[in-house]
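# Structural characterization, general
Now for the letters of each chain:
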Amino acid sequence: MTHRTPTLAQFITEKEHALAVATGEFASLMSAIALSTKLISREVNKAGLVDILGLTGDRNIQGEQVQKLDLFANDTLVRTLARSGAVCIMGSEEVADFIPVAPPHTCGRYVVVFDPLDGSSNIDVGAPIGTIFAIYRRRSSDGPGQATDLLRPGREQVAAGYVIYGSSTIFVYSTGEGVHAFTLDPSLGEFLLTDEGLRIPEQARIYSINDANAPWWPPAVSHWVDGMRHGAGKGRYTARYIGSLVADFHRNLLRGGVFAYPADTRDPALPDGKLRLLYEAAPLAFLARGAGGHASDGYRDILDIVPDSLHQRTALFIGNREEVEAAVACYGQETGRGSSGGS
Ligand code: P6P
């Protein structure tokens, strides 16, 4: 890295200056997210050394056991975003209800939904984990934000991104003008540009799905997986599954691949699949599209789905367009429907 390598803040400022209408509010918002993730990275990287591992003994809205780091990550993001002056309302995987930004904080023009620490069940085993975020411009005119500002289809995102806390801490985001990656230099405390204009490789080489759920997959998923194992692409693929969405997505983005968490019948409490639409599937779908890939729930483009609730779940097929569209075709054959619009 040389001093000519832009930091995340410099990169965003340069891009903002290109937008005559920029007020600096978006840059302030992204700076708040960057600061939060540096603080989270520091805690994640020392988690084994201090008493921040393990469970709090509580369960979150999802009914999942809450890790101490989950709470730290959530509280850090909520506090820092509220202070940014750029946000009017937030939604978090860790919090049941919406989080309107109210006085004494200044309400801004943006809405942020986030999964503060996805894959947290992997924290204690040293597997990569991540923060996922989506940014919308508010619909309501002023004051604290409302639900209608937040329950939006992914196509209306103005930006989305994730930070993966792994062998290094990498900040990946897009505003729709390319997907860009920045690696944290802990000695500087800065994210430095390491990939500009990331594109998912033309050919998928990886498929990523929890094979233990196969007995409960709908036939369409079994046909889809068999197509990769035994079909025309036989031998091209290898299976990789970390069990941490951000890590599986990031690997596929760089190496070419497809990730799937279908709606299966294994857990009757999760009829629509395990992953959440607003702060997991939609932001990653925005990035996948920006990198030349695609994302679907098996019938619809993830970016077209209008959420009814903050914690709504969805099936997810995401990565190389060819493999995602093959999954949609399998569902179409199963239901006798051609590939429905907006696949
Ligand atoms: P399973 C982590 O708990 C998570 O929410 C995602 O990060 C990951 O893709 C998925 O669940 C893994 O779920 O059922 O395969 O362990």
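Not measured: the values here are computed from a predicted model.

A few words now on the site of the ligand. Taken together, Asp118, Gly119, Ser121, Asn210, Tyr241, Gly243, Ser244, Leu245, Phe259, Tyr261, Lys274 and Arg276 make up the full set of residues adjacent to the ligand. A distance of 2.6 Å separates an oxygen atom of the ligand from a polar atom in the side chain of Asp118. Tyr261 places a polar side-chain atom, nitrogen or oxygen, 2.7 Å from an oxygen atom of the ligand. Computed on the free molecule, the ligand has an accessible area of 400 Å², of which 82% lies beneath the protein chains in the complex. Its residues placed into classes, the shell around the ligand shows four nonpolar, five polar and three charged. Counting only domains with at least three residues in the shell around the ligand, you end up with domain 1 (8–195) and domain 2 (206–335).

Attention now moves to the pairing of strand β9 (residues 179–185). For β9, the buried fraction is high: five of the seven residues fall into the buried class. Note that strand β8 (residues 169–174) and β9 share five bridges and pair antiparallel. Paired with Tyr173 across the strands is His180, a residue of β9. Pairing geometry for β9 and strand β10 (residues 190–195), over five bridges, is antiparallel. Bridging from a neighbouring strand, Phe182 pairs with Leu193 of β10. Connecting the antiparallel pair β9 and β10 is a turn made up of four residues, with Gly189 showing a positive phi of about 75 degrees.

Turning our attention to the environment of Trp217. In this structure, Trp217 sits in the loop between β11 (206–208) and α5 (219–230). Sequence separation between Trp217 and His3 is 214 residues, and the spatial gap between their C-alpha atoms is 51 Å. Apart from residues lying up to four places away in sequence, Trp217 is in contact with Ile209, Asn210, Asp211, Ser222, Val225, Pro262 and Asp264.

Moving on: the domain arrangement of the chain. By the assigned domains, the chain splits into domain 1 (8–195) and domain 2 (206–335). Taking only C-alpha atoms into account, the centre of domain 1 sits 23 Å from that of domain 2. On the domain 2 side, the residues contacting the 45 residues of domain 1 number 33 residues. Both sides together, the interface formed by domain 1 and domain 2 hides about 2800 Å², and carbon and sulfur atoms give 63% of it. Considering only the surface of domain 1 that becomes buried against domain 2, Leu151, Arg155 and Tyr162 emerge as the three largest contributors, covering 23% of it. One can count three salt bridges joining domain 1 with domain 2. Residues Arg276 and Glu93 are paired through a salt bridge, measuring 2.8 Å at the closest nitrogen-oxygen approach.

Rules used throughout
- Residues numbered from 1 in each chain as written.
- Predicted model: local features only at pLDDT ≥ 70, side-chain atom pairs only at ≥ 80, totals over all residues.
- Heavy atoms only, no water.
- Near = heavy atom within 4 Å.
- Polar contact = N/O pair within 3.5 Å; in protein donor to acceptor, adjacent residues only side chain to side chain.
- Areas by Shrake-Rupley, 256 points an atom, 1.4 Å probe, with all protein chains shown as cover.
- Nonpolar A, V, L, I, M, F, W, Y, C, P; charged D, E, K, R; others polar.
- Domains from an automatic or database assignment.
- Buried < 20%, exposed > 50% of the residue type's maximum accessible area, 1.4 Å probe, protein only.
- Helix = DSSP H or I, 4+ residues; strand = E, 2+ residues; numbered from the N terminus.
- Pairing = 2+ DSSP bridges.
- Contact = heavy atoms within 4.5 Å.
- Buried area = accessible area lost by both parts, 1.4 Å probe.
- Salt bridge = Lys/Arg side-chain N within 4 Å of Asp/Glu carboxyl O.

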